[in-house]
Amino acid sequence: MKKRLNARVEIRTSPHIHYAPSVSQIMRNVVYALVPISLFGIYQFGLSALALIVVTTASCLATEHLFMRVSDRASSLHDFSAVITGLLLALTLPPGFPLWMAAVAGFIAIALGKVIFGGLGYNILNPALVGRAFVQAAFPVAITTWTPAFIPGRFSEFVPSTLTLPFLKPISPAEWINANAIDGFTGATPLALQKFEQIQTSTIDLLMGMTSGSAGESSALLIMACGLYLAFRKMLDWRIPVGILLSSALFSALFYLINPDLYPPPLFTLLSGGMMLGAIFMATDMVASPLTPLGVWSYAILIGVLTVTIRFFGGLPEGIMYAILLGNAASPLIASLTQPRAYGKERRSLFNRRQKEES
Amino acid sequence: MAGLIHRAWRNSFPHGIHPPGNKFTNRLPIKRLPFADELIIPLSQHIGAPAEPIVHRGQEVVRGEPIAKASGFVSVPMHSPVTGVIAGIELTPTAKGPKTKSIIVRPHPGAGQKVLYGAPQDYSRLDRNELITAVQDTGIVGLGGAAFPLHVKLATPPGTIIDTVIANGCECEPFLTADHRLMIEHADEIISGIQLVMKLSGAKQAIIGLENNKGDAFHAIKMRLPDKSPISARLLETKYPQGSEKMLITTLTGREVPSGGFPYQVGVIVHNVATLAQLGTLMPLRRGLIERVVTVTGPGVKKPGNYLTPLGTPIRQLLDYVGFSGTANHLILGGPMMGSSVASLDVPVTKAVGGIIVLAEERKIDEHPKNADPCIKCGRCLQACPLKLNPSQLGLLAAKRQYQAMEEEFHLNDCFECGCCSYVCPSSIPLVQYFRIAKAINREQLITA
Ligand code: SF4
Ligand code: SF4
């Protein structure tokens, strides 16, 4: 990264120089990093995935714009954060998700995830996950209806459920899939297969994204590569994904060692479902994660352990989404408990803070 | 832990920033600046009580003669930088804004301008108190920018044990090269200054710390140091603020100055190399401080360089000489990270001014600063703050005007306004500016309470 000296002095007191990428530059780079993942999703799932991505992003942008107009504030579209929310949201949804529901998800993500807190910088939870959690509760069937990747006709026709009219029962894509795809496809994701039928999907398939799943959570390799790009540009806190992946691997290894028949190997835990996308792109939402050094690690470990717990013992095959939401909710507390020891100060322990100040 | 790694592997302290160096003038030898038509000596250009004039209007003075005396222990005398006549004692503008009382000296056009005042002394025979008084008589203050009287800093409380003297040759502010040149051209004076401080403090060793962008200065000093000298030189990572007292102590000794405390509490004292060079020059001759090296640089100067400038030279004349015809809005006094803007070009060069940076474009004074975005909690400021404070949280509290909480919970008063946090903030939040305001308000409430 080349440094440029910004000699334009804006305030007449020191420091007189400033060097930092602006907020919109950072956000734009996150968008760049999400583009390859989105493209891969479109390549896997075809027209439906494309439509899904366009609809959620448009819905997020429109919602943001609307609220800024209503509250008479300067437009905040230029900061690209709504685009990120839209893309991330689409990437967590099943590719054949009805578009009208996707639009609702986008609206909820921005309205309930961000605007009511006061906009960018004030949200407590990752907005995309708020949207996703809402539709998970509201449309439990649609959100668990998966389509296989690489169906031959994917670029010429939509998955029928995509075009469901609002408030109608989604058309089940089963027939369409049977007509199009390989025999014997169940529509189940690797996680569901593992959890409910103890069928392992091969590691290579997981790495390369040759499985069914939501629009963007499939190719673990690609997601890692995009995450590395951001980490190298210092626009993503590498400690969070590393912490989540390590802690969930260790924690799940524990169970695997106890009962390898019932629990999947740690590598499967890392590569399947939304783990990669969640750990790299969602848990790292700067606003909703703590920023003290110790806090960052605690937050990451909390999410890793929670994800595995939900996956193994909860009713759902996927746990990362709720784990991150819980982590987000806990981060103000984490941050306040993990204030760094300032230079030249005694370390404050958790419990004697008050007494010390009073004395 | 992180501190250990930084010290062992990189000769550095944790956190901090790497602004572009822009040391354009580091190969230009120190050059003497001609005398201005009129020199302005503010009586208060150091921390402490202003000096008291001992001359009157119309009086003839010789170069180096005392013209104001210290008005207490925390105060220093002033010396005439030139042979000439006292043109008046008046209120003049200062860098900070409010006018202050100053002695105005007009040089004699024909005078030879040799320093006639002063008499060689053998200070090795003086005892501690006599030495400290002798240092006070030189009028030297911290030339690194602090302007704290040197003799006060040397007079550590009885019972303190100093084991290490640190000579600060980091010059970590971008653009500035005055100390760099001093170390190359006046290593001997710096070393004798260090020896004097070691004698006074009883320290057994001294370390000269330089950033590793000054390899030539490092060698110049090494050549001057005999084998087995208790004085050593060390190259440190080039990183801002390596030259801040606390950071340098940590880098060189691993010790941490307690919050609100002084370096002598951990057995060290730190002096800037420019201060030490003056000490080494003036003490043997029993003279006073009348000039200093000032780096004049930046895109707006035709003849950038390191100029040995008589104290009291109005900035206007200095800038005329180096080829610049703009307004005060182009200037920064000191470094770009911690220096100040000046209100007028009639401000003189004082003891604490080590550099003048001239920008190419005029700054718009009244233009509203770029609207800050909200804090996105990116954590960059936490990773930049050398004191490991939480500028993000401090900034949020400042915006809510919870100034008390800033101090009680987040150590506002430890912040030394180095500017690292503002430098890295993607939201362009004027963090340091907030902190200055908050500190001022807290101070005021303390007084009124
Ligand atoms: S200005 Fe204060 S808060 Fe900001 S980095 Fe420097 S010491 Fe830390
Ligand atoms: S650098 Fe600026 S935006 Fe980032 S956490 Fe600090 S104050 Fe907030």
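For clarity, every value in this text was computed on a predicted model and none was experimentally measured.

A. Focus on the overall build of chain A. Per the secondary structure count, chain A includes 15 helices and zero strands. Counting only residues that meet the buried cut, chain A has 55% of its 359 residues in that class. The long-range fraction of contacts in chain A, counting pairs at least 24 apart against all pairs at least 6 apart in sequence, stands at 75%. Summing over all exposed atoms, chain A offers an accessible surface of approximately 15600 Å²; the carbon and sulfur share of this is 69%.

B. Region of the structure containing the overall build of chain B. The helix and strand tally for chain B stands at 14 helices and 16 strands. For 449 residues, the compact-globule estimate of 2.2 N^0.38 gives 22 Å, and the C-alpha radius of gyration of chain B, at 22 Å, lies within 12% of that figure. The buried share among the 449 residues of chain B stands at 57%. Counted over contacts in chain B with a minimum sequence separation of 6, partners at least 24 positions apart contribute 72%. Accessible surface for chain B amounts to roughly 18500 Å². Of this, 55% is attributable to carbon and sulfur atoms.

C. Representation of the sheet that holds strand β14 (residues 305–310) of chain B. Residues and elements named next belong to chain B. Across the sheet, five strands lie side by side as β1-β14-β13-β16-β15; this open sheet has mixed pairing. Of all strands in the sheet, those bounded by a partner on one side alone are β1 (31–32) and β15 (331–333). Of the strands in this sheet, β1, β13 (291–297), β14, β15 and β16 (355–358) touch helix α9 (residues 315–322), which is tilted by about 60 degrees from β16.

D. Structural context of the pattern of salt bridges. For the coordinates displayed, the defined rule picks out 18 salt bridges over all chains. A salt bridge links B:Asp414 to A:Lys345; the nearest nitrogen and oxygen atoms lie 3.4 Å apart. Residue B:Asp414 is found in the loop between α12 (403–410) and α13 (420–424), and its partner A:Lys345 is found in the loop between α14 (320–337) and α15 (353–358); the two belong to separate chains. Owing to a relative accessible area of 8%, B:Asp414 belongs among the buried residues under this scheme. Relative accessible area serves as the criterion here: at 23%, A:Lys345 is assigned to the partly exposed category. Between B:Glu417 and B:Arg436 there is a salt bridge, with the nearest N and O atoms lying 3.0 Å from each other. Of the two residues, B:Glu417 is situated in the loop between α12 and α13 and B:Arg436 in helix α14 (residues 431–448); the sequence distance between them amounts to 19 residues. Judged by its relative accessible area of 22%, B:Arg436 is partly exposed. If you follow the salt bridges from partner to partner, you end up with B:Arg32, B:Arg63 and B:Glu291 in one network.

E. Structural context of the pairing of β13(B). All names here are of chain B. When you tally the buried positions in β13, you get seven out of seven residues, the bulk of the element. Residues Glu-291, Val-293, Thr-295 and Thr-297 point to one face of β13 and Arg-292, Val-294 and Val-296 to the other, with burial holding for every one of them. Taken together, the three bridges between β13 and β16 define a ladder with parallel strand orientation. Residue Thr-295 lies in a different strand from β16, and its bridge partner there is Gly-355.

F. A look at the packing of aromatic side chains. Residues and elements named next belong to chain A. Here the structure, examined in full by the defined rule, presents 15 aromatic pairs over all chains. Both rings, one in Trp-238 and one in Trp-297, keep their centres 6.0 Å apart while their planes meet at 75 degrees; by these two values the pair is edge-to-face. A residue pair is termed long-range when its members are at least 10 positions apart, and Trp-238 in the loop between α9 (220–232) and α10 (239–258) and Trp-297 in helix α13 (residues 293–313) qualify at 59 residues. You can call Trp-238 partly exposed: its relative accessible area is 48%.

G. Molecular detail of the sheet that holds strand β9 (residues 164–169) of chain B. Residues and elements named next belong to chain B. A sheet is described by the order of its strands in space; here four strands give the open sequence β11-β10-β9-β12, paired in parallel fashion. With one partner strand each, in any of the chains shown, β11 (231–236) and β12 (268–272) form the two edges of the open sheet. Strand-to-strand twist across the sheet, computed as the mean angle between neighbouring axes with direction ignored, equals 25 degrees.

H. Region of interest: the domain arrangement of chain B. Residue and element names in this part refer to chain B. Parsing chain B into structural domains produces domain 1 (2–27 + 119–285) and domain 2 (380–448). Here domain 1 and domain 2 have C-alpha centroids that lie 28 Å from each other. At the interface, 16 residues of domain 1 touch 13 residues of domain 2. The tally of links between domain 1 and domain 2 comes to zero salt bridges. Across the contact surface, domain 1 and domain 2 share five residue pairs in polar contact (both at pLDDT 80 or more). Its residues placed into classes, the side of domain 1 that touches domain 2 shows eight nonpolar, six polar and two charged.

About the thresholds
- Residues numbered from 1 in each chain as written.
- Chains lettered and ligands numbered in written order.
- Predicted model: local features only at pLDDT ≥ 70, side-chain atom pairs only at ≥ 80, totals over all residues.
- Heavy atoms only, no water.
- Helix = DSSP H or I, 4+ residues; strand = E, 2+ residues; numbered from the N terminus.
- Buried < 20%, exposed > 50% of the residue type's maximum accessible area, 1.4 Å probe, protein only.
- Contact = heavy atoms within 4.5 Å.
- Areas by Shrake-Rupley, 256 points an atom, 1.4 Å probe, with all protein chains shown as cover.
- Rg over C-alpha atoms; globule rule 2.2 N^0.38 Å.
- Pairing = 2+ DSSP bridges.
- Axes fitted to C-alpha atoms, helices over the stretch in contact; angles between N-to-C directions.
- Salt bridge = Lys/Arg side-chain N within 4 Å of Asp/Glu carboxyl O.
- Phe/Tyr/Trp six-rings, centres within 6.5 Å; stacked < 30°, edge-to-face > 60°.
- Domains from an automatic or database assignment.
- Polar contact = N/O pair within 3.5 Å; in protein donor to acceptor, adjacent residues only side chain to side chain.
- Nonpolar A, V, L, I, M, F, W, Y, C, P; charged D, E, K, R; others polar.

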